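Here is what each chain is made of, one letter per residue.
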Amino acid sequence: MPRIIFIEPDGTRREVQATVGLSVMETALQHGIRGIVATCGGACACSTCHAYVDGTWLARLDEPDELELGTLQQAPDVRPNSRLTCQVPVTAELDGLTVRVPAHQA
Amino acid sequence: MDQTTVIVGASHAAAQAVESLRREGFGGRLLLVGDEPHLPYQRPPLSKKYLSGELERERLWLKPRSFYESHGVELKLGRRAIALDAAAQSVTLDDGAALAYDQLLLATGSRPRPLDAPGADLGGVHYLRSIADVDGIRAELGPGRRIVIVGAGYIGLECAASCAKLGHDVTVLEMAERVMSRVVAPEMSAFYSEEHAAHGVKIHCDTMVAALEGDGRVREVVCRDGSRYPADLVIVGIGIVPNVELARAAGIACDNGIAVDGHCRTSDAAVYAIGDCCSHPSPRYGRRIRLESVDNAFEQAKTAAANMCGRETVHDRVPWFWSDQYELKLQIVGLAQGYDRVVLRGDPSGKAFSCCYLRGRELLAVDCVNQARDFMAGKKVIAERPAMDLDRLADPAIPLREAV
């Protein structure tokens, strides 16, 4: 099981076991990660699962599609390493993936 | 002494309320009563990926079971609240248990509007609101069924798309003159009708169901104009009815739902209501509104929790909704009611465009088809209420936020 590390808005580090095939957002919900709200449940219809991908991990993820980019573009406090975690599937290769939850989602 | 809060209803609003109440500092006893046997789950995928079989049931849970344990919630699932005594501050469940409360949060939701036609109780006639509903539909979905869907609103059309994707023969009957007529402009209705036709779905508008016929099981749908549609399965999606009975019987004021104020408080100071079951005064729209949406359920849960914990907040949000049909992501922000003109951004034939609803120069709502940028920008613009420049608005190359 790959491990995913979430940094919650207050800086708390949460390392959790993720299930391959679920999304990073679903992993966060399963473990009650603070700030990953996911109002739309992964339909890419809101931006409440927004997180920043740490370091070199960004380049190792599949590129976001148009829908995700369009949603992200207008999301609060968007940065070059912003992703919607509902659009990032967990794979074995992502063992150690670290994402930070934006402070405004606290 | 420890306070007790009882939440009746166990869907989106309730799950969020649990989290928010604890976050706001509520340290007392917390009970969650739900008449379905399941943990609170996401309803939007039911007509989409759960119906089409792309999403397993376990992926519907809003929170894992451990969340309720860690939040100190006593779950009363599979239990229906059958009576409320507001004076005694007590809720009675269908197993006879009486739950005394200091504060009560009603998140009773809504139920499908029943089809009022002879034969509506035949076998093979389904509604779509719960996991059990969809499991019932899926159990009858053999290969190549003839499915008649009554109602061309969101649920009906999402259902039609999911069933068409599975290869079934789908007919949609709608009594209004066009699809989704209650919520979108004719331009949008025309676009969606064409998309469904392209996927082989037969939509008949201006068609009112007169009766369902069959021998214990539905075989045919008969319409007022005499037309008949053979059916192996009928799915009815003609709107929902708020579950107000518990509150009304207890003497709590209702007005198109349980009537709450801006703090989500009912006419009884110890009782709050949130989500589909209630109507609230909207400063933005200048009238009482009842919203049927996940976002509203979540946000009202937060508002109610804050007020229940003594932190005064008022619920006033720009509502938003979404609907997935085929590869089309429809995102709607705002309420279009009262619009006097429509401005299209982009060409519907490209399957990525927005439909803007205005009253004068104020943007009231935007329907975005595969156009998330406009959706996100629309949320901000509608909240800020600037006067729009209609020519710039019609140019999709100009960002919506700059069309002022």
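Computed from a prediction, not measured in an experiment: that's the story for all the values here.

Asks: Could you give me a rundown of the overall build of chain B, with the residues and numbers involved?
Replies: If you tally the helices and strands in chain B, you get nine helices and 26 strands. Taken along the three principal axes of its C-alpha coordinates, chain B extends 65 × 60 × 35 Å. The buried share among the 404 residues of chain B stands at 56%. About 16100 Å² of surface is accessible on chain B, with carbon and sulfur atoms providing 48% of the total. Between the mean site of the 48 positive side-chain charges and the mean site of the 54 negative ones, chain B shows a separation of 2 Å.

Asks: Provide a residue-level description of the interface of chain B and chain A, including the pertinent values.
Replies: The parts lose accessible area when they come together, and the size of an interface is often stated as this lost area. Every contact between the two is made by 20 residues of chain B and, on the other side, 24 residues of chain A. Buried surface at the junction of chain B and chain A, both sides included, amounts to about 1900 Å², of which 55% is carbon and sulfur. Contact with chain A buries surface across chain B, with B:R59, B:R373 and B:M376 losing the most and accounting together for 31% of the total. Summed over the shared surface of chain B and chain A, the number is two salt bridges. Across the pair A:E26 and B:R59 runs a salt bridge whose closest N-O atoms are separated by 2.6 Å. Taken together, chain B and chain A are joined by five residue pairs in polar contact (both at pLDDT 80 or more). When contributions to the side of chain B that touches chain A are tallied by element, the ones reaching two or more residues are α7 (294–308), β22 (320–325), β23 (328–334) and α8 (372–384) of chain B. Tallying contributions element by element places α8(B) first for the side of chain B that touches chain A, with six residues.

Asks: Now, about the environment of B:I137: what can you tell me, with residues and values included?
Replies: Residue placement: B:I137 occurs in helix α3 (residues 131–139). Once the C-alpha coordinates of B:I137 and B:G360 are considered, the two residues, 223 residues apart in sequence, prove to be 45 Å apart.

Asks: Tell me what's going on with the pairing of strand β2 (residues 13–17) of chain A, and back it up with residues and numbers.
Replies: Residue and element names in this part refer to chain A. When strand β1 (residues 3–7) meets β2, the two strands line up antiparallel, connected through five bridges. Note that in β2 the partner of F6 across the bridge is R14. Between β1 and β2, which pair antiparallel one after the other, the connecting turn spans five residues, and G11 there sits at a positive phi close to 95°.

Asks: Lay out the confidence of the model for chain B in plain terms, naming residues and giving numbers.
Replies: Averaged over every residue, the pLDDT of chain B is 96; residues scoring 70 or more account for 100%. Interface predicted TM-score (ipTM) for the complex: 0.89; the corresponding pTM is 0.95.

Asks: Any details on the sheet that holds strand β3 (residues 73–77) of chain B? Residues and values, ideally.
Replies: All names here are of chain B. One open sheet holds the five strands; their spatial order is β3-β2-β1-β7-β19, and the pairing between them is parallel. With one partner strand each, in any of the chains shown, β3 and β19 (271–273) form the two edges of the open sheet. Recorded for the sheet is a direction-independent mean angle of 15° between the axes of neighbouring strands. Sheet topology places strand β7 (residues 103–106) next to β19; three bridges connect them, and they run parallel. Following the sheet pairing, L105 is matched in β19 by Y272.

Asks: Could you give an account of the pattern of salt bridges, with specific residues and numbers?
Replies: By the definition in use, this model includes 43 salt bridges over all chains. Among the ionic pairs, B:R228 bridges to B:E220, the shortest N-O distance being 2.7 Å. The exposure class assigned to B:R228 is partly exposed, which follows from its relative accessible area of 42%. A single network of salt bridges, built from pairs that share partners, joins A:R3, A:R13, A:E15 and A:D95.

Asks: A description of the sheet that holds strand β12 (residues 202–204) of chain B should follow, citing residues and the corresponding values.
Replies: All names here are of chain B. Spatially, five strands are ordered β9-β16-β10-β11-β12 in an open sheet, and the strand pairing comes out parallel. Of all the strands in the sheet, just β9 (125–127) and β12 have a single pairing partner and so form its edges. Each strand axis lies, on average, 20° off the axis of its neighbour in the sheet, ignoring direction. Where β9 meets strand β16 (residues 233–236), three bridges bridge the pair, whose relative direction is parallel. Looking at the pairing, Y127 lines up with V236 of β16. Lying on the sheet, α3 is in contact with β9 and β16; it crosses β9 at an angle near 145°.

Asks: Break down the packing of helix α2 (residues 66–73) of chain A against α8(B) for me, citing the residues and quoting the values.
Replies: At their nearest, the axes of α2(A) and α8(B) sit 7 Å apart, and the two run at 20° to each other. The orientation of α2(A) relative to α8(B) falls into the category roughly parallel. The two elements α2(A) and α8(B) cross, and the hand of that crossing is right-handed. Residues A:E66, A:L67, A:L69, A:G70, A:T71 and A:Q73 of α2(A) form the contact with α8(B), whose participating residues are B:A372, B:R373 and B:M376. Classifying every residue of the contact of α2(A) with α8(B) by side-chain character gives four nonpolar, three polar and two charged.

Asks: An account of the side chain of B:H196 is needed here, citing residue identities and associated values.
Replies: Here B:H196 shows up in helix α5 (residues 186–198). Among residues more than four places away in sequence, those in contact with B:H196 are B:L157, B:A160, B:A161, B:V201, B:I203, B:Q325 and B:Y326.

Asks: Tell me what's going on with α3(B), and back it up with residues and numbers.
Replies: Residue and element names in this part refer to chain B. All buried positions along α3 are accounted for by I131, V134 and I137. One face of α3 carries all of its buried residues, which in axial projection span an arc of 125°. Away from its buried face by more than 90 degrees, α3 exposes A132 and A139. Buried positions along α3 lie against β9 and β16.

Asks: Could you give an account of the nonpolar core, naming the residues involved and the relevant values?
Replies: The tendency in soluble globular proteins is for nonpolar side chains to be buried as a group. Residues and elements named next belong to chain B. Judged by nonpolar contacts, the single largest core of 52 residues is most densely connected at I7, L32, L105, I274, L363, V366 and L393. Counting only elements with at least two residues in this core, the list comes to α1 (12–23), β2 (29–34), α2 (65–70), α7, β22, β25 (353–359), β26 (362–369) and α8. A per-element tally of this core places α7 first, with seven residues. In contact with L363, not counting residues within four places along its chain, are C356, Y357, L358, V381, I382, M388 and L400. The next biggest cluster of nonpolar side chains, apart from the first, holds 47 residues, and it includes A160, V179, L335 and F353.

Calculation rules
Residues numbered from 1 in each chain as written. Chains lettered and ligands numbered in written order. Predicted model: local features only at pLDDT ≥ 70, side-chain atom pairs only at ≥ 80, totals over all residues. Heavy atoms only, no water. Helix = DSSP H or I, 4+ residues; strand = E, 2+ residues; numbered from the N terminus. Buried < 20%, exposed > 50% of the residue type's maximum accessible area, 1.4 Å probe, protein only. Areas by Shrake-Rupley, 256 points an atom, 1.4 Å probe, with all protein chains shown as cover. Lys, Arg positive; Asp, Glu negative; His and termini not counted. Charge placed at Lys NZ, Arg CZ, Asp CG, Glu CD. Contact = heavy atoms within 4.5 Å. Buried area = accessible area lost by both parts, 1.4 Å probe. Salt bridge = Lys/Arg side-chain N within 4 Å of Asp/Glu carboxyl O. Polar contact = N/O pair within 3.5 Å; in protein donor to acceptor, adjacent residues only side chain to side chain. Pairing = 2+ DSSP bridges. pLDDT = per-residue confidence, 0-100. Axes fitted to C-alpha atoms, helices over the stretch in contact; angles between N-to-C directions. Parallel < 35°, antiparallel > 145°, perpendicular 65-115°, else oblique. Left-handed = near helix turned anticlockwise from the far one by under 90°. Nonpolar A, V, L, I, M, F, W, Y, C, P; charged D, E, K, R; others polar. Arc of directions from axis to C-beta. Core = buried A, V, L, I, M, F, W, Y, C linked by side-chain atoms within 4.5 Å.

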